[in-house]
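Next come the chains, spelled out residue by residue.
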Amino acid sequence: MLVSREELRFDLGGARFDLERDRSLLTWIFSQSLFGEATGCYCGAALYTAPDIESATFLSRQALEEFAHFHNFLRIFRILGTRPRPPHPVMRFLTTHEKLWDHHVCLEMAVGEGLVLIAFDMLIEAFDDPDIKAILQAIADQECGHVRFGEQQTLKLLRERPRLRRQLLGRALISLAAMRLLGRHVQRWTPPGHPVMSRAPEFLEHAVRVTEMRLRRLGLLDRPLSELGRLERAGLMALGPAAAFFRGLVTSRKPRIPRNYLQDPVIDRVLGAGRPTPGEPPA
Ligand SMILES: [Fe+2]
Ligand SMILES: [Fe+2]
């Protein structure tokens, strides 16, 4: 990953959740995660826009992993002894499926799953319960693969089409703003002085800093976020969704692979280049 696991880590200073005391709070937190995984399963929808067989194969495997994460979060609800609740509206907004391949790999995978990974790594530290810790650890390890794929695909796309930079950055800035909104909501109703939740504002700042680092390493951001003027920021945030909307209108709904599989790089890799394609067999 462009941002190492060590750089992602947020130091909770030994603060822990307590399963008894925090049952309702944890139910809320894991309800958001469960919803994230339920929508993550639909990464399979991106198969239609996947440019080649290798990336389509990755998405198919990822869909299975997201379903497994869904089941693993249900195991956490079993440990908590509660049922999940519906997600917060901001969570719904953050997990909207992207129709465009470049928006999918950059925003849903590199940025979105990158944010999820920061939260999961923090949660791993916030529990003493070995079962919850192990479940979260296994999920977070697989999320690293999803983030890495999103980053690699974004870098590749930006090399081929550098003009995508501004619209992708605009959408990433909106995700960060939405995350801040969710953070404010959480703060409003968490008990004052809670050992973990009282660190929420610092954690949010950390998540923004890590995302900024990722945006810079992806080449989407050429200077610190703080140096983006209000007007420039607003312009980018307007451009991102507008570009997604208008490009979505003209994007072909037909899957790409049945049209281009004979030129797919996997064919040369498996069969070797230079192998002849014989003509039609005699009638
Ligand atoms: Fe997941
Ligand atoms: Fe994922």
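Draft legend 1. Molecular detail of the coordination of the iron ion (ligand 2). Only Glu-66 (OE), Glu-113 (OE), Glu-143 (OE) and His-146 (ND1) from the protein reach the iron ion (ligand 2) as donors, at distances of 1.9 to 2.2 Å. Bound by 4 donor atoms, the iron ion (ligand 2) shows angles of 90 to 161° at the metal and therefore irregular coordination geometry. Positions of the donor residues of the iron ion (ligand 2) along the chain correspond to the pattern E-x46-E-x29-E-x2-H. Between the iron ion (ligand 2) and the iron ion (ligand 1), a separation of 3.3 Å is found, and both are coordinated by Glu-66. Taken together, the residues span a long stretch of sequence, with Glu-113 in helix α5 (residues 101-125) and His-146 in helix α6 (residues 130-160) at a distance of 33 residues. A single burial state applies to Glu-113 and to His-146, both of which are buried.

Draft legend 2. Inspection of the nonpolar core at higher detail. Of all hydrophobic cores here, the largest spans 75 residues; its most connected members are Phe-17, Phe-30, Leu-123 and Leu-136. If you tally residues by element for this core, the top one is α5, at 14 residues. Beyond its immediate chain neighbours, meaning those up to four positions away, Phe-30 contacts Phe-73, Ile-76, Phe-77, Leu-80, Leu-123, Phe-127 and Leu-136.

Draft legend 3. Inspection of the coordination of the iron ion (ligand 1) at higher detail. The iron ion (ligand 1) binds to the protein through Glu-37 (OE), Glu-37 (OE), Glu-66 (OE), His-69 (ND1) and Glu-143 (OE), with metal-donor distances spanning 1.9 to 2.7 Å. When the donors of the iron ion (ligand 1) are listed by position in the chain, the intervening gaps give E-x28-E-x2-H-x73-E.

Draft legend 4. Representation of the environment of Leu-26. Tracing the sequence through the fold places Leu-26 in helix α2 (residues 23-40). Overall, Leu-26 belongs to the buried group, its relative accessible area being 0%. Between the alpha carbons of Leu-26 and Glu-232 there is a distance of 38 Å; along the sequence they are 206 residues apart. Once you skip the residues sitting within four places of it in the chain, Leu-26 turns out to touch Phe-17, Asp-18, Leu-19, Leu-80 and Phe-127.

Draft legend 5. Inspection of the side chain of Asp-102 at higher detail. Mapped onto the fold, Asp-102 is located in helix α5. Residue Asp-102 is classed as buried on the basis of its relative accessible area, which comes to 4%. Side chain to side chain, Asp-102 and Arg-247 meet in a polar contact 2.9 Å long. The residues contacting Asp-102, other than those within four sequence positions of it, are Leu-107, Leu-157, Leu-164, Gln-167, Leu-168 and Arg-247.

Draft legend 6. Up close: a positive patch on the surface. There is a patch of like positive charges on the surface, built from Lys-156, Arg-159, Arg-161, Lys-254, Arg-256 and Arg-259. With respect to the secondary-structure elements, Arg-159 resides in helix α6.

Draft legend 7. Region of the structure containing the side chain of Asp-264. Within the fold, Asp-264 resides in the loop between α10 (257-260) and α11 (265-271). Once residues within four sequence positions are removed from consideration, Asp-264 is found in contact with Asp-52 and Ile-53.

Draft legend 8. Spatial organisation of the pattern of salt bridges. Counted according to the given criterion, the structure contains 16 salt bridges. With a closest N to O distance of 2.5 Å, Arg-171 and Glu-98 form a salt bridge. Residue Arg-171 is located in helix α7 (residues 165-189), and its partner Glu-98 is located in the loop between α4 (89-94) and α5; the two are separated by 73 residues in the primary sequence. A relative accessible area of 10% places Glu-98 in the buried class. Taking the shortest distance from any N to any O, the salt bridge between Glu-232 and Arg-223 comes out at 3.0 Å. Among the charged side chains, a salt-bridge network with shared partners connects Arg-5, Asp-121 and Asp-141.

Draft legend 9. Quick look at the packing of aromatic side chains. Applying the stated criterion across every chain yields a total of 8 aromatic pairs. With a centroid separation of 5.9 Å and an interplanar angle of 40°, the aromatic rings of Phe-30 and Phe-73 are classed as tilted. Residue Phe-30 is found in helix α2, and its partner Phe-73 is found in helix α3 (residues 53-80); the two are separated by 43 residues along the sequence. Phe-73 gets classed as buried once you look at its relative accessible area, which sits at 0%.

Rules used throughout
Residues numbered from 1 in each chain as written. Chains lettered and ligands numbered in written order. Predicted model: local features only at pLDDT ≥ 70, side-chain atom pairs only at ≥ 80, totals over all residues. Heavy atoms only, no water. Donors = N, O, S within 2.8 Å, 3.2 Å for Na, K, Ca; no water. Tetrahedral: all angles 85-135°; square planar, octahedral: opposite > 155°, others 65-115°. Helix = DSSP H or I, 4+ residues; strand = E, 2+ residues; numbered from the N terminus. Buried < 20%, exposed > 50% of the residue type's maximum accessible area, 1.4 Å probe, protein only. Core = buried A, V, L, I, M, F, W, Y, C linked by side-chain atoms within 4.5 Å. Contact = heavy atoms within 4.5 Å. Polar contact = N/O pair within 3.5 Å; in protein donor to acceptor, adjacent residues only side chain to side chain. Patch = residues over 30% accessible without salt bridge, like charges linked within 9 Å, V, L, I, M, F, W, Y side chains within 5 Å. Areas by Shrake-Rupley, 256 points an atom, 1.4 Å probe, with all protein chains shown as cover. Salt bridge = Lys/Arg side-chain N within 4 Å of Asp/Glu carboxyl O. Lys, Arg positive; Asp, Glu negative; His and termini not counted. Charge placed at Lys NZ, Arg CZ, Asp CG, Glu CD. Phe/Tyr/Trp six-rings, centres within 6.5 Å; stacked < 30°, edge-to-face > 60°.

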